[in-house]
Amino acid sequence: MIKRVFSDLGPHGLLGLGVLLTMGPGALAQPSSIGPYLPLVASFNRSAALMEQYKYAEAAAGFEEVVEEQPDWIAARFNLGLAYLNMQGARGAEAHLDRAEAVFQGILEDEPEFPAAHYCLGMLYQHQGETEKALGQFEAVYGLDPEDPYVVYQYARALASAGRRDEALAAYEKVLA
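To start, this report covers the structure provided alongside it. (Residues numbered from 1 in each chain as written. Predicted model: local features only at pLDDT ≥ 70, side-chain atom pairs only at ≥ 80, totals over all residues. Heavy atoms only, no water.)

### Let's talk about the overall build of the protein
For clarity, the threshold we go by: Numbering of helices and strands starts at the N terminus; helices are DSSP runs of H or I of at least 4 residues and strands are runs of E of at least 2. Throughout this description, buried means an accessible area under 20% of the type-specific maximum (1.4 Å probe, protein chains only), exposed means over 50%, and partly exposed covers the range between. Contacts between residues were defined by any pair of non-hydrogen atoms, one from each residue, lying within 4.5 Å.
For the protein, the helix and strand inventory stands at eight helices and two strands. Secondary structure of the protein in N-to-C order comes out as β-β-α-α-α-α-α-α-α-α. The buried share among the 177 residues of the protein stands at 44%. At a minimum sequence separation of 6, the contacts of the protein that also span at least 24 residues come to 46%.

### Notes on a negative patch on the surface
Inclusion rule: A residue counts toward a patch only above 30% relative accessible area and without a salt bridge, and it is joined to like-charged neighbours within 9 Å or, for Val, Leu, Ile, Met, Phe, Trp and Tyr, to nonpolar neighbours within 5 Å. All accessible-area figures derive from a Shrake-Rupley calculation using a 1.4 Å probe, and residue coverage is judged against the displayed protein chains alone. When a carboxyl oxygen of Asp or Glu lies within 4 Å of a side-chain nitrogen of Lys or Arg, that pair is called a salt bridge. This count recognises Lys and Arg as positive and Asp and Glu as negative, with His and chain-terminal groups excluded. By convention, the point assigned to a charge is CZ for Arg, NZ for Lys, CD for Glu and CG for Asp.
On the surface, Glu64, Glu65, Glu68 and Glu69 cluster together into a negatively charged patch. Relative to the elements of secondary structure, glutamate 64 occurs in helix α2 (residues 56-69). According to the relative accessible area criterion, glutamate 64 is partly exposed, its value standing at 36%.

### Describing the packing of helix α3 (residues 74-85) against helix α4 (residues 93-110)
As a reminder, the rule being used: Axis lines are fitted to C-alpha atoms, over the contacting stretch for helices. Their N-to-C directions set the angle, which ranges from 0 to 180 degrees. To sort the angles, those under 35 degrees are grouped as roughly parallel, those over 145 as roughly antiparallel, those from 65 to 115 as roughly perpendicular, and the leftovers as oblique. The crossing is said to be left-handed when, going from far helix to near helix, the turn is anticlockwise and less than a right angle, and right-handed when the turn is clockwise. When residues are grouped by polarity, Ala, Val, Leu, Ile, Met, Phe, Trp, Tyr, Cys and Pro land in nonpolar, Asp, Glu, Lys and Arg in charged, and all others, Gly among them, in polar.
Packing of α3 against α4 leaves a shortest axis separation of 7 Å and a crossing angle of 155°. As far as their axial angle goes, α4 and α3 are roughly antiparallel. Here the hand of the crossing between α3 and α4 comes out left-handed. Here Ile74, Arg77, Phe78, Leu80, Gly81, Leu82, Tyr84 and Leu85 of α3 lie close against α4, whose contacting residues are His96, Leu97, Arg99, Ala100, Val103, Phe104, Gly106, Ile107 and Asp110. For the contact of α3 with α4, the class distribution of residues is 11 nonpolar, three polar and three charged.

### Examining the side chain of glutamine 154
Looking at where glutamine 154 falls in the secondary structure, it is placed in helix α7 (residues 149-161). The exposure class of glutamine 154 is buried, given its relative accessible area of 7%. The contact partners of glutamine 154, leaving out residues within four places of it in the chain, are Tyr119, Met123, Gln126 and Phe138.

### Quick notes on the pattern of salt bridges
For the structure shown, the criterion picks out five salt bridges. As a salt-bridge pair, arginine 77 and aspartate 110 come within 2.8 Å of each other at their nearest N and O atoms. With arginine 77 in helix α3 and aspartate 110 in helix α4, the pair connects residues that are 33 residues apart, well separated along the chain. Between glutamate 130 and lysine 133 there is a salt bridge, with its nearest N and O atoms 3.2 Å apart.

### Brief notes about helix α5 (residues 115-127)
To keep it simple, the criterion reads: Between the first and last residue of a helix there are one fewer steps than residues, each counted as 1.5 Å, and that sum is the expected span.
In this model, α5 (13 residues) spans 18 Å end to end at C-alpha, consistent with the 18 Å of a helix rising 1.5 Å per residue. Counted residue by residue, α5 has 11 buried out of 13 residues, so it is predominantly covered. Residue glycine 129 follows α5 closely and has a positive phi angle near 80°.

### Brief notes about the side chain of histidine 118
Here histidine 118 lies in helix α5. Setting aside anything within four residues of it in sequence, one finds histidine 118 in contact with Leu108, Pro112, Gln137, Ala140, Val141 and Leu144.

### Some remarks on helix α1 (residues 38-52)
Helix length check: α1, at 15 residues, gives a terminal C-alpha distance of 21 Å against a target of 21 Å (1.5 Å per residue), a fit within 8%. All of the buried residues along α1 are Leu40, Val41, Ser43, Phe44, Ser47, Ala48, Leu50 and Met51. Positive phi appears at tyrosine 54, one or two residues downstream of α1, with a value of about 65°.

Shown next as structure tokens:
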């Protein structure tokens, strides 16, 4: 399940971005075999709670441990990238952005149609002023989920930034319709 929390520019992260992947039923293992994973699931949940409290550095540390133990767990990897992405006010912010980019790109290598990774890369590139890269990511996520109003809005913004005004206007109108 994807939980989204969006706001305008704010003190708690990149453009107030919050996309947190949480576990749905059966996300890790069947109930009969989850026993050995309980500490890992507890760490994941603790880290997710830290994200909800805007404690991104602590959340990143927890997700790093989870990912070290279960490197194929996409939700943990995504949330690690999201924690890095939101560490703008922390010391070494550029390094955190580089880590976030690497995490999201790694996810897309494994899951090329993972919309949230495209979206977050688009937000990261937009924040860095890399218009064409941002547009590429928003085009990708728009192709995967053209009905999501957040996706359409960011796609429209990227189109406008790239000087593609007519296409931007059409996308803005779609958001408002």
